[in-house]
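Chain residues, written in single-letter form:
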Amino acid sequence: MTYFRTPHEERNWAMFCHLGGLAYFIPLGNIIVPLILWSMRKDSSALVDREGKKALNFQISFTLYMLIAGFLVFVLVGILFLVILGLLQLIFVIMAVVKTLSDEEFEYPMTIKFIQ
C-alpha cells in the first residue's frame with residue numbers, strides 16, 4: 001500500500017496532517033488543510049491514512065468544543081474555556097507531531113471519532 005520512496009517521506013506527510021490543524025489563517029483551516037493533505041495521500045500509505053483520520057477527528061472535535069465555549073462567553077465562563085481549549089489544542093498537536101516523527105503511537109484525548 002505504501003508508495004513513498006522513503007519511510008521518512010511517509011512520516012512527513014503524516015506529520016503535515018497533524019500540523020495542518022494549526023492553519024488558522026484560513027477560516028476553518030484547522031479542518032480543511034488536514035482534510036486535503038489526508039485525502040491526497042490516504043490511499044498511498046496506511047500511516048498517513050491512520051494519522052490523517054486522527055488529526056481530522058481531533059480538529060472537528062475541538063472545533064465543536066470551541067463553538068460551545070463561544071456560546072458560553074455570554075455566561076462569562078466561556079472566555080476561560082476558549083483560552084484553555086486553544087492551549088490544549090496547540091499542546092496536543094505538538095505532541096502528535098513529535099510522536100509521529102519518532103514512530104510512536106499517539107491518541108488525541110477528548111476526541112470524538114467521526115471518521116473511522
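Residues numbered from 1 in each chain as written. Predicted model: local features only at pLDDT ≥ 70, side-chain atom pairs only at ≥ 80, totals over all residues. Heavy atoms only, no water.

S.K.: I would appreciate a short explanation of the overall build of the chain in the present structure.
M.R.: The helix and strand tally for the chain stands at 4 helices and 0 strands. Secondary structure elements in the chain, listed N-terminal to C-terminal, are α-α-α-α. In terms of overall dimensions, the chain is globule-like: its C-alpha atoms have a radius of gyration of 15 Å, near the 13 Å expected for 116 residues. Buried residues in the chain amount to 39% of all 116 residues. Pairs at least 24 residues apart make up 64% of the contacts formed inside the chain by residues separated by at least 6 positions. (Helix = DSSP H or I, 4+ residues; strand = E, 2+ residues; numbered from the N terminus. Rg over C-alpha atoms; globule rule 2.2 N^0.38 Å. Buried < 20%, exposed > 50% of the residue type's maximum accessible area, 1.4 Å probe, protein only. Contact = heavy atoms within 4.5 Å.)

S.K.: How should the nonpolar core be read in this particular structure?
M.R.: Looking at soluble globular proteins, one finds that nonpolar side chains tend to be buried together. Core analysis: the biggest nonpolar cluster contains 11 residues, these being Met-15, Phe-58, Phe-62, Ala-69, Leu-85, Phe-92, Val-93, Ala-96, Val-97, Phe-106 and Tyr-108. Going through the elements one at a time, α3 (46-71) and α4 (78-101) are the ones with two or more residues in this core. By residue number, the principal contributor to this core is α4, which donates 5 residues. What Phe-106 contacts, discounting residues up to four positions off in sequence, is Lys-54, Phe-92, Met-95, Ala-96 and Lys-99. Within the second largest apolar cluster, 9 residues are counted, among which are Trp-13, Ala-14, Ile-31 and Leu-37. (Core = buried A, V, L, I, M, F, W, Y, C linked by side-chain atoms within 4.5 Å.)

S.K.: Honestly, the side chain of Ser-45 in this entry has me stumped. Any pointers?
M.R.: Along the chain, Ser-45 turns up in the loop between α2 (29-41) and α3. Taking relative accessible area as the criterion, Ser-45 reaches 0% and is therefore assigned buried.

S.K.: It is not clear to me how the packing of aromatic side chains should be interpreted in this structure. Could you clarify?
M.R.: What describes a pair of aromatic rings is the distance from one ring centre to the other and the angle between the planes of the rings. One pass over the structure, following the stated rule, counts 6 aromatic pairs. Judged by centre distance (6.0 Å) and plane angle (75 degrees), the rings of Phe-58 and Phe-92 are edge-to-face. Of the two residues, Phe-58 sits in helix α3 while Phe-92 sits in helix α4, which places them 34 residues apart along the sequence. Relative accessible area serves as the criterion here: at 0%, Phe-58 is assigned to the buried category. When its relative accessible area of 11% is taken as the criterion, Phe-92 is described as buried. Between Phe-62 and Tyr-65, the aromatic rings sit 5.6 Å apart at their centres with planes inclined by 70 degrees, giving edge-to-face as the arrangement. Residue Phe-62 and its partner Tyr-65 are located together in helix α3, separated by 3 residues, close to a single helical turn. The exposure class assigned to Phe-62 is buried, which follows from its relative accessible area of 1%. Tyr-65 gets classed as partly exposed once you look at its relative accessible area, which sits at 24%. Ring-pair connections join several aromatic residues into one group, and the members of that group are Phe-58, Phe-62, Tyr-65, Phe-92, Phe-106 and Tyr-108. Lying across the ring of Trp-38, Lys-42 places its NZ or CZ 4.6 Å from the centre. (Phe/Tyr/Trp six-rings, centres within 6.5 Å; stacked < 30°, edge-to-face > 60°. Lys NZ or Arg CZ within 6 Å of the ring centre and 35° of its normal.)

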